[in-house]
Amino acid sequence: MSANPLVPGVDALVYGGDYNPEQWPEEVWHEDVAMMREAGVNLVHVGIFSWALLEPREGEFDFGWLDRVLDLLHGSGIRVGLATPTAAPPAWLLHRHPGMRPVMSDGTTLSGAARQTLCPHSPDYARAAERVTTALAERYGDHPAVALWHIHNEYGGAMPHCYCDTSAAAFQGWLRERHGGLDALNQAWGTAFWGQRYGDWEEIRPPSQAPTVVNPALQLDFLRFSNDGHLACYRRERDIVRRHSPGRPVTTNFMIVNCKWIDYWSWAKEVDFVANDHYLQAEEPDNHIELAMAADVTRGVAGGRPWLLMEHSTNAVSWQPRNLAKRPGEMRRNSLTHLARGADGAMFFQWRASRSGAEKFHSAMVPHNGRRSRVWGEVVDLGRELEGLDALRGSRVAADTALVWDWQSWWAMELEWRPTQDHTYRERTRAFYTWLWRAHRTVDVVAPDADLTGYRTVVVPSLYLTTSGAADNLTRYVEGGGTLAVSYFSGIVDENDTVHAGGYPGVLREVLGVEVDEFLPLREGSRVRLDDGTTGDVWAERVVPTTAEVVLRYADGPAEGAPAVTRNVHGRGQAWYVSTRLDSEGLAGVLGGLLPPPVVEGLPEGVEAVRRVGDGVRYLTVVNHTGEEAKVAVTGTDAATGERVDGTLAVPPGGVRIVREDVS
Ligand code: GAL
């Protein structure tokens, strides 16, 4: 298939990693490039943290080494994602402008002996970032090696919020824009309670540590303001490179799922394509399900278009409590799962393992023992394999189930003083996702206001903050014939963390056909039984149906006898409500009947199958996470070997096979 490449000039699935050659003498660079060719690397990201080397003194630039690196790579046919180095402000900059160091909520000013020491609202930082970005863009804007621009690194990752005085002033300005006047702000924040009324913008401070809980609406606005501050930094650099380097895509590496503090729905339209970093939670059982979910959320942010896995690891990372090594074949499984779920390339942090510095025990494509390592062999094999899978490029993942996801609702729900601390966003979304993964359904992850037409089933694992617009959207979906499943503590507050008028579940009352008379959170470790024997924990409620029918009741616990699961026929569709915390098996038992058919009938447990569909072609990727050979019903041609598959595909234990299906 001749799809448009994700990165113009890389007419293949993207393969490579972060390349930090400034750590090495130049003779190593030549070996690097030879080894990159051997591994089939076609793109590397250069200069991500090189500010202090590129601008050793204010306004004095040293591009010599970078010229040589880019020319060398270009001469070898390896394309470059050139980074703006603004995630690593140099020591001289911090020394000259100590005010740009970020301040934590407890008032501590952070030191500069690491990367990411910066306040995103600092004018001194802005000026310096603009200068180095302009210098780089002017020099390399039309360099033939440069295929794309990689702005900064993981915005919001290390230091998501700054509480300094400069940030406070910027916050006041942002609030004026958002609320218009102080009366509107006082109203929106409910400042009549606890006597928190503001009479002047300058009285408003960031939510630093306080004797007790800070006004939650203030906190929410501060989180939005911080997100927007990072976005403004990104836009500033993006616009500079766009001016000097037209035609080359500009993006930044997201940390979807693992960074709570960036509202990626608001970033999606700002990048030329979505790029994500994903690191496996090494010790977590079933971490491949978390990986699949991260890939699906990334594809959701990308609006279903192909995206790039910008960083993952070949083997262990170095920042988890216990950095477990990947088992042989695991890196391939991880990479091909991302591909199956919509990535058009897989890249790593980093090319060659460092000998010094903070990340020397982090794996790389070239480990400390180089070619003799197991990892190097797997890196070369994967590069070859990707060359053979080029036809996957540009195709789209097929899904008829959607899961609603929202960062701002996540923020609001996890502020202080909720009915229980045991209900968390990650846990609920993960439980629903796990249920769907185990049921072999592919899920599109969507924003609450996304167009839901075409989805057979939509699940809402947790949507505490539900705007009226989102509620209307979900209601229209059901009225049009859709099947909706909503979990407890959804629909409760508006964008200012104000409880929707008239009682729970607020703006979802009508579509769900229930009222919730009281929340009945459970003691730690205690469980409630439903009348079919299913058990839940953490949460129960006194649910009063208005138009809904009762599917299951509580057999014991504080809501004994009351409805636990309900179903409401609304318009041409139906809306289900689950009022206790069910694990993924419980969800399968209670809601399993709502799902459209699986990707492939009869898939064994622990086997993942995802379909990508292109122009007249369909590819089925099957990942076997079990220790037994898996047999899967599919007919077509093995995309890597060209071998015919006549009705049954045998996938070895821990293996992955991709089949180009016969399309009738
Ligand atoms: C990422 C970061 C990389 C590297 C990596 C290690 O968050 O962008 O520079 O530090 O983690 O896993």
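Located above this text is the structure these notes cover.
Report on the accompanying structure. (Residues numbered from 1 in each chain as written. Predicted model: local features only at pLDDT ≥ 70, side-chain atom pairs only at ≥ 80, totals over all residues. Heavy atoms only, no water.)

1. Some points on the overall build of the chain
Helices and strands together make up the secondary structure of the chain, namely 17 helices and 26 strands. Taken against the 2.2 N^0.38 rule, which gives 26 Å for 664 residues, the C-alpha radius of gyration of the chain at 26 Å falls within 12% of a compact globule. Among the 664 residues that make up the chain, the fraction classed as buried is 61%. Considering only residue pairs separated by 6 or more positions, the chain has 71% of its internal contacts joining residues 24 or more positions apart. Averaging the positions of the 64 positive and the 87 negative side-chain charges in the chain gives two centres separated by 3 Å. (Helix = DSSP H or I, 4+ residues; strand = E, 2+ residues; numbered from the N terminus. Rg over C-alpha atoms; globule rule 2.2 N^0.38 Å. Buried < 20%, exposed > 50% of the residue type's maximum accessible area, 1.4 Å probe, protein only. Contact = heavy atoms within 4.5 Å. Lys, Arg positive; Asp, Glu negative; His and termini not counted. Charge placed at Lys NZ, Arg CZ, Asp CG, Glu CD.)

2. Focus on the layout of surface pockets
Considering only enclosed or pocket space, the largest pocket measures out at about 1100 Å³ in volume. For the largest pocket, the lining is made up of 36 residues, of which Phe49, Arg115, Phe349, Ala358 and Glu359 are closest to its centre. Of the residues in the lining of the largest pocket, the class split is 14 nonpolar, 15 polar and 7 charged. (1 Å grid on protein atoms, 1.4 Å probe; cavity = no way out; pocket = protein on both sides within 12 Å on 5 of 7 lines; lining within 4 Å. Points joined across faces, edges and corners; volume = space filled by probe spheres on them. Nonpolar A, V, L, I, M, F, W, Y, C, P; charged D, E, K, R; others polar.)

3. A look at empty space enclosed by the protein
All told, the structure shown has 2 cavities of 30 Å³ or more when counted by the stated rule. In this model, the largest cavity occupies a volume close to 100 Å³. In this structure, the largest cavity is lined by 14 residues; those nearest its centre are Gln116, His152, Gly156, Met159 and His230. Of the residues contributing to the lining of the largest cavity, the split by class is 7 nonpolar, 6 polar and 1 charged. By volume, the second largest cavity amounts to about 60 Å³. Considering the residues around the second largest cavity, the lining is formed by Arg341, Leu436, Trp437, His440, Arg441, Thr442, Val599, Val607, Glu608 and Ala609. At the level of elements, helix H14 (425-438) and strand S22 (607-614) are the ones that each hand at least two residues to the lining of the second largest cavity.

4. Focus on unusual backbone geometry
Here Phe349 and Gln350 are connected by a cis peptide whose omega angle stands at -10°. Along the chain, Tyr504 connects to Pro505 via a cis peptide bond; the corresponding omega equals -10°. Tracing the sequence through the fold places Pro505 in the loop between strand S14 (483-487) and helix H16 (509-512). Phi is positive for Asp286, close to 55°, though the residue is something other than glycine. The topology assignment puts Asp286 in the loop between strand S7 (275-277) and helix H10 (287-301). By relative accessible area, which is 31% here, Asp286 ends up partly exposed. For Phe489, which is not glycine, the phi torsion reads 60° and is therefore positive. With respect to the helices and strands, Phe489 occurs in the loop between S14 and H16. With a relative accessible area of 4%, Phe489 lands in the buried category.

5. Quick word on the sheet that holds S7
Pairing within the open sheet is parallel, and its 9 strands lie in the order S5-S4-S3-S2-S1-S9-S8-S7-S6. Because the sheet does not close on itself, it has two edges, and the strands there are strand S5 (250-251) and strand S6 (253-254). In this sheet, strand S9 (residues 343-348) lies alongside strand S8 (residues 307-311) in parallel orientation, the contact comprising 2 bridges. Looking at S9, one finds that Trp307 is bridged to Ala343. (Pairing = 2+ DSSP bridges.)

6. So, the packing of helix H6 (residues 165-179) against helix H8 (residues 216-244)
One can describe the packing of H6 onto H8 by two numbers: an axis separation of 10 Å at closest approach and a directional angle of 105°. In terms of axis orientation, H6 runs roughly perpendicular to H8. Only Leu218, Asp221, Phe222, Arg224, Phe225 and Asp228 of H8 make contact with H6, whose side of the interface consists of Ser167, Ala170, Phe171, Trp174, Leu175, Arg178 and His179. Of the residues that constitute the contact of H6 with H8, the class distribution is 7 nonpolar, 2 polar and 4 charged. (Axes fitted to C-alpha atoms, helices over the stretch in contact; angles between N-to-C directions. Parallel < 35°, antiparallel > 145°, perpendicular 65-115°, else oblique.)

7. Looking at the environment of Asp183
Positionally, Asp183 belongs in helix H7 (residues 182-189). Along the primary structure Asp183 and Gly199 are separated by 16 residues, whereas in three dimensions their C-alpha atoms are 8.7 Å apart.

8. Overview of the packing of aromatic side chains
Inspection of every chain in the model, using the stated rule, returns 33 aromatic pairs. Summarising the aromatic geometry, the rings of Trp194 and Trp417 are spaced 6.0 Å apart at their centres and angled 85° between planes, so their arrangement reads as edge-to-face. Placement of Trp194 in the loop between H7 and H8 and of Trp417 in the loop between helix H13 (407-413) and H14 is noted, with a sequence separation of 223 residues between them. According to the relative accessible area criterion, Trp417 is exposed, its value standing at 60%. (Phe/Tyr/Trp six-rings, centres within 6.5 Å; stacked < 30°, edge-to-face > 60°.)

9. A look at the sheet that holds strand S26 (residues 656-661)
Read across the open sheet, the 6 strands follow the order S10-S22-S23-S26-S24-S25; overall the sheet is antiparallel. Where the open sheet ends on each side, the last strands, each with one partner, are strand S10 (396-397) and strand S25 (644-651). Of the strand pairs in this sheet, strand S23 (residues 617-624) and S26 are connected by 5 bridges, and their pairing is antiparallel. Its bridge partner lying in S26, Leu620 is registered against Val659.

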